[in-house]
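Here is how the chains run, residue by residue.
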Amino acid sequence: MATEGLGLEMTELRLGLPGGGGGEKKEKKRVLLDILGGDDGGGGKNRNTGVAVGWPPVCSYRKRAIIKMYVKVSMDGAPFLRKIDINGFKGYSDFIRALENLFGLGDECEYTPIYEDKDGDWMLVGDVPWEMFTETCKRLRMKKRV
Amino acid sequence: MTYSFPEEVLEHVFSFLTSQNDRNAASLVCRTWYEMERWCRKRIFVGNCYAVNPRVLIRRFPEVKAVELKGKPHFADFNLVPEGWGGFVYPWIVEFARVYPWLEEIRLKRMVVTDECLEIVSKAFRNFKVLILSSCEGFSTDGLAAVAANCRNLRVLDLRECEVEELSGHWLSHFPDSFTSLESLNIACLSLEVSFSALERLVSRSPNLKTLRLNRTVPLEKISKLLQRAPQLADFGTGAYSAEIRPDVYSSLQEAFSGCKKLKSLSGFWDVVPAYLPAVFSVCSQLTYLNLSYATTQSPDLIKVISQCHNLQRLVVLDYIEDMGLDTVAVTCKDLRELVVFPSDPFVADANVLLTEEGLVSVSQGCSKLQSVLYFCRQMSNSALISISKNRPNLTCFRLCILEPRAPDYLTFEPLDVGFGSIVENCKELTRLSMSGLLTDRVFEYIGKHAKKLDMLSVAFAGDSDLGLHHVLSGCESLRKLEIRDCPFGDKALLANASKLLTMRSLWMSSCFVSFGACKLLGQKMPGLNVEVIDERENLNLLPENAPVEKVYIYRTVSGQRLDMPDFVRIMGKDKNGVYNLSLCDKGL
């Protein structure tokens, strides 16, 4: 979490509840509101966005076996979305094959898989290590190549 | 001066020393004892493969039968160590093949093992008996086929949570028909189907088979056949525990289990269908170990099983057990030593399961022999921690993971300093601690003051300043392993306690505030340490000296620099040749 830009606010002493203070991240705000019993309109099964890599400390073997991380997959031109468990794969090659099977796509793929990460940015699938991808991917889109 | 004690007598006395620490101590008594001991040490344990190198090991211990090596740091389990970092076992295997033809046992943890390594193992050691690979990677089923085909006297093949490239399930069929010495087989981590008939034949011709842990693909309907062929099993892991509900399948399963009079350990249970759980009831009272952590079934079903396990010593389960289930554990499992509760859905903000701190408090009250805890939950309070510490002062391992980073006491909103402080103060035999939740420098003050037997400490998202780290490094006399992530610890405490690091196996710090400059200085000042900066950013050379590094891994070593580092790993403060510190060789390894 202490990326280059994150400065030294963490080391400052402060009074009050955790997460209080200017410029706090979204997830700290949520904790604060939860404590106060507030309703942040998110309720229910919100994915824990903004979580650091490798947290909570569950090893990859167990994550693959037990933890289902279903994310929505849309395909340009398809009438409805699908869902896929990104935790069920060992790496990108298994995963891409499964995506292609899901939509009945062949080898001459006119589609590029992209994903929305925890910061809300759309990224090309395949740049980051697989494990990091599974922890930061919120949704997928099969974008038609132009 | 004549030495009146004959060597044979000394050797005989040493043969009773099994612990490596005892042998190390004996070897420091005098030169004669050092020489005697090194010639007869048969079992070697290397906790960090980069602390020594194969040549140093072989030079000192010429008659080795069993080796255990550990590679990557613990946080590699959580993807904090980039791929390619290291932990390659190949150079060790090559040397062992050259010098220890009678090597019988190899145990590896978090190491990179290639097919070539496995082939060498299968051919170089004629009496090879035990291969245990824990959290290893880099090999395929071809390597396993070589082991199966060539290790005539193999007794143990144990793959624990390994990443195996699975080319086919055919490897198991490479065990020849003449192979009958198998005692333990664990293939639970493999996902491809193995030939069931090959498996069945293997089990049938292995009269000494005590441990059999299957993988998910072995169907429930076929398990009874295997159990019938091996009623002497002590440790069994099922495959997927689901099938169409059929009375004939159920009754043969039940009968097969009840035939296993020696069964003490049970695991597996993937995709469990609750209707089939009662098939194991007949063995429940025999069980000392039960692992239901892949059984995604609700509390009532779990309770029905656990309420019959009066002799259970170790329980591993998902948070589906809920507080109610843990109340049952507290009442039923009076012999419980270890409790592990994993999260079923850790990436979801709100809990669907009624598992809170109360479940843990309940077990701490009811199970007087409880020593070891690993518990994932969503809320904790200081009062619960204090109760636990007072109920169970005999705790030796306490690992608590509150899923939300920096979560405070949910009742008072205070940090959990006092709660964890109570744990270290009351549990005087505590050797391992993992903390979570909102924690300030105060908790480290308590730890430094009280945790005198603490051997391993894991910290995340905690502390306020360098003072926190200083308390731990200066106070924890027995500390050997320290791993820290996302804490505001910088250079000061590290540099001030540099010599402490020589008494430890390793220190890991990631996403903290340790600077390049400090790493360089530490590396220069301390020739007995490797200060590895692990940083994948581009243009590192353009960053200022006071910029924080992504990750630093510091460990003591007599081996000098590693020669196998990828480009994102730099050993700081050493010249190109490294520093080979001969004087440290004489200390017990």
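Residues numbered from 1 in each chain as written. Chains lettered and ligands numbered in written order. Predicted model: local features only at pLDDT ≥ 70, side-chain atom pairs only at ≥ 80, totals over all residues. Heavy atoms only, no water.

In the annotation of an unreviewed UniProt entry, chain B is listed under the name Putative F-box domain, Leucine-rich repeat domain, L domain-like protein and assigned to Helianthus annuus. Regarding chain B, the UniProt comment filed under Subcellular location (unreviewed entry) reads as follows: "Nucleus". What UniProt records for chain B under Pathway (unreviewed entry) is the sentence "Protein modification; protein ubiquitination." (UniProt positions renumbered as here; feature names shortened; annotations may be inferred.)

An unreviewed UniProt entry lists chain A under the name Auxin-responsive protein, with Helianthus annuus as the source organism. Per its UniProt entry, chain A bears the Subunit (unreviewed entry) comment "Homodimers and heterodimers."

Engineer: I keep staring at the confidence of the model for chain B and nothing clicks. Help me out?
Structural biologist: In regions of low pLDDT, the predicted coordinates are not meant to be interpreted in detail. All names here are of chain B. Per-residue confidence for chain B gives a mean pLDDT of 94, with 97% of residues at or over 70. Overall, residues 578-589 carries pLDDT values under 50, and its contacts beyond four positions in sequence, including any with other chains, amount to 31 contacts. We note a pTM of 0.87 for the whole complex and an ipTM of 0.88 for its interfaces. (pLDDT = per-residue confidence, 0-100. Contact = heavy atoms within 4.5 Å.)

Engineer: When you look at the packing of aromatic side chains in this model, what are you seeing that I'm missing?
Structural biologist: Two descriptors summarise a pair of aromatic rings, namely the distance from one centre to the other and the angle between the planes of the rings. Inspection of the entire model under this criterion finds 28 aromatic pairs over all chains. Joined through ring pairs, the aromatic side chains of B:Y50, B:F75, B:F78, B:W85, B:W508, B:Y553 and B:Y555 make up one cluster. Lying across the ring of B:F342, A:R62 places its NZ or CZ 3.7 Å from the centre. The ring of B:Y34 carries the charged tip of B:R31 above its face, separated from the ring centre by 5.0 Å. (Phe/Tyr/Trp six-rings, centres within 6.5 Å; stacked < 30°, edge-to-face > 60°. Lys NZ or Arg CZ within 6 Å of the ring centre and 35° of its normal.)

Engineer: When you look at the UniProt feature "domain: F-box" (unreviewed entry) in chain B in this model, what are you seeing that I'm missing?
Structural biologist: Per the UniProt entry, the sites bearing "domain: F-box" (unreviewed entry) are residues 5-46 of chain B in this numbering. Between the first and last C-alpha atoms of residues 5-46 of chain B the distance is 31 Å; the span itself is 62% helix and 10% strand. (Helix = DSSP H or I, 4+ residues; strand = E, 2+ residues; numbered from the N terminus.)

Engineer: What should I look at first to understand helix α6 (residues 115-124) of chain B in this one?
Structural biologist: Residue pairs three or four apart in sequence face the same way in an α-helix, which turns once every 3.6 residues. All names here are of chain B. Among the residues of α6, those classed as buried are C117, L118, V121 and S122. Viewed end-on, α6 has its buried residues packed into an arc of 135 degrees, placing them on one side of the element. Lining the buried residues of α6 we find α5 (90-99), β3 (105-109), β4 (130-134), β5 (137-140) and α7 (141-150). (Buried < 20%, exposed > 50% of the residue type's maximum accessible area, 1.4 Å probe, protein only. Arc of directions from axis to C-beta.)

Engineer: Sorry, what's going on with the nonpolar core here?
Structural biologist: Ranked by size, the top nonpolar core spans 230 residues in total, and within it A:L140, B:Y241, B:L290, B:F398 and B:I447 carry the most contacts. Counting 5 residues, the second-largest nonpolar core is a separate cluster that includes B:L10, B:F14, B:M36 and B:C40. (Core = buried A, V, L, I, M, F, W, Y, C linked by side-chain atoms within 4.5 Å.)

Engineer: What exactly am I supposed to notice about the packing of helix α9 (residues 220-229) of chain B against helix α10 (residues 247-258) of chain B here?
Structural biologist: When two helices pack together, you describe them by how their axes are tilted relative to each other and by the distance separating the axes. Residues and elements named next belong to chain B. Where α9 meets α10, the closest approach of the two axes is 9 Å, and the angle between their N-to-C directions is 35 degrees. Read as a crossing pair, α9 and α10 show a hand that is left-handed. Along the contact surface, α9 presents L220, E221, I223, S224 and L227, while α10 presents V249, S252, L253, A256 and F257. By residue class, the composition of the contact of α9 with α10 is 7 nonpolar, 2 polar and 1 charged. (Axes fitted to C-alpha atoms, helices over the stretch in contact; angles between N-to-C directions. Left-handed = near helix turned anticlockwise from the far one by under 90°. Nonpolar A, V, L, I, M, F, W, Y, C, P; charged D, E, K, R; others polar.)

Engineer: What's the story with a positive patch on the surface in this structure? I'm lost.
Structural biologist: Residue and element names in this part refer to chain A. A cluster of like positive charges, contributed by K72, K83, K138 and R139, occupies part of the molecular surface. Mapped onto the elements of the fold, K138 is located in strand β5 (residues 137-144). Its relative accessible area of 33% is what places K138 among the partly exposed residues. (Patch = residues over 30% accessible without salt bridge, like charges linked within 9 Å, V, L, I, M, F, W, Y side chains within 5 Å. Areas by Shrake-Rupley, 256 points an atom, 1.4 Å probe, with all protein chains shown as cover. Salt bridge = Lys/Arg side-chain N within 4 Å of Asp/Glu carboxyl O. Lys, Arg positive; Asp, Glu negative; His and termini not counted. Charge placed at Lys NZ, Arg CZ, Asp CG, Glu CD.)

Engineer: Explain the side chain of B:S436 to me, please; I cannot follow it from the model alone.
Structural biologist: Residue position: B:S436 is located in the loop between β17 (432-434) and α17 (441-450). A polar side-chain atom of B:S436 sits 2.8 Å from the main-chain carbonyl oxygen of B:L400. Within the structure, the side chain of B:S436 is placed 2.8 Å from the backbone nitrogen of B:I402, a separation counted as a polar contact. In contact with B:S436, other than residues within four places in its own chain, are A:W55, B:L400, B:C401, B:I402, B:L416 and B:F420. (Polar contact = N/O pair within 3.5 Å; in protein donor to acceptor, adjacent residues only side chain to side chain.)

Engineer: What should I look at first to understand the sheet that holds strand β4 (residues 122-124) of chain A in this one?
Structural biologist: In sheet architecture, strand pairing relies on hydrogen bonds along the backbone and comes in two forms, parallel and antiparallel. All names here are of chain A. Read from one edge to the other, the open sheet built from 5 strands follows the order β2-β1-β5-β3-β4, with strand pairing classed as mixed. Because the sheet does not close on itself, it has two edges, and the strands there are β2 (82-85) and β4. Strand-to-strand, the axes of this sheet are offset by a mean angle of 35 degrees, without reference to chain direction. Running at roughly 155 degrees to β2, helix α3 (residues 92-102) makes contact with β1 (70-75), β2, β3 (111-117) and β5 of the sheet. (Pairing = 2+ DSSP bridges.)

Engineer: Explain the pattern of salt bridges to me, please; I cannot follow it from the model alone.
Structural biologist: Working definition: two side chains of opposite charge can pair if their charged atoms are close together. In total, this model carries 35 salt bridges over all chains according to the counting rule given. Here B:E545 and B:K520 are joined by a salt bridge, their closest N and O atoms 2.7 Å apart. Of this pair, B:E545 sits in the loop between β21 (529-534) and β22 (551-556) while B:K520 sits in helix α20 (residues 516-525); the two residues are 25 residues apart in sequence, bridging distant segments of the chain. The class of B:E545 is partly exposed, set by a relative accessible area of 47%. One network of salt bridges, in which partners are shared, links A:K63, A:E131 and A:E135.

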